[in-house]
Amino acid sequence: MPNALNWFEIPVTDFARARRFYESVLGITIAPMVMGASTMGMLSTDPNAVGGAIVQGEGAPSRDGTMVYLNGGDDLAPVLARVAPAGGTVLVPKTEIGNGFGFFAHFVDTEGNKVGLHSMG
């Protein structure tokens, strides 16, 4: 098993607002997809990487529960700097993990989800 994680979903209540937030913070374009009663927006479509999406449907946003860490690129500082202007809140600034494991940060998105970022630089 190459990755312990192979898919994740971040629940949202307002898809358009969440889409604007994640597009701004991650610097990507998110295309909405309707799947039954849910609307999804893929955060990664690389078939060789772990995938995930924002999803408006059954789930409820939360600061509690499982923590998802998004890839912060080569240096998560520029990504983290876009959180507040996009409507989110930084909870933990860029922090060194130690032992060569890189850096992490936590933020709350526009929907109320607590999400992490990770980078090696």
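Going by the structure above, here's the rest.
Residues numbered from 1 in each chain as written. Predicted model: local features only at pLDDT ≥ 70, side-chain atom pairs only at ≥ 80, totals over all residues. Heavy atoms only, no water.

**Q** I'm lost on the environment of glutamate 9 in this one. Help?
**A** Among the secondary structure elements, glutamate 9 is positioned in strand β1 (residues 7–11). Separated by 28 residues in the primary sequence, glutamate 9 and alanine 37 have C-alpha atoms spaced 15 Å apart. When neighbours within four sequence positions are excluded, glutamate 9 is seen to be in contact with Met40, Ala53 and Val55. Within polar-contact distance, the side chain of glutamate 9 engages the side chain of tryptophan 7 at 3.1 Å. (Helix = DSSP H or I, 4+ residues; strand = E, 2+ residues; numbered from the N terminus. Contact = heavy atoms within 4.5 Å. Polar contact = N/O pair within 3.5 Å; in protein donor to acceptor, adjacent residues only side chain to side chain.)

**Q** I would appreciate a short explanation of the packing of aromatic side chains in the present structure.
**A** Working definition: an aromatic ring pair is given by the centre-to-centre distance plus the angle between the planes. For the structure shown, the criterion picks out 2 aromatic pairs. Residues phenylalanine 21 and tyrosine 22 carry aromatic rings whose centres are separated by 5.0 Å and whose planes lie at 85 degrees to one another, so their mutual orientation is edge-to-face. Here the two residues phenylalanine 21 and tyrosine 22 agree in accessibility, since each one is buried. Ring pairs connect the aromatic residues Phe21, Tyr22 and Phe107, which therefore count as one cluster. Between the NZ or CZ atom of lysine 94 and the centre of the ring of phenylalanine 103, over which it lies, the distance is 4.6 Å. (Phe/Tyr/Trp six-rings, centres within 6.5 Å; stacked < 30°, edge-to-face > 60°. Buried < 20%, exposed > 50% of the residue type's maximum accessible area, 1.4 Å probe, protein only. Lys NZ or Arg CZ within 6 Å of the ring centre and 35° of its normal.)

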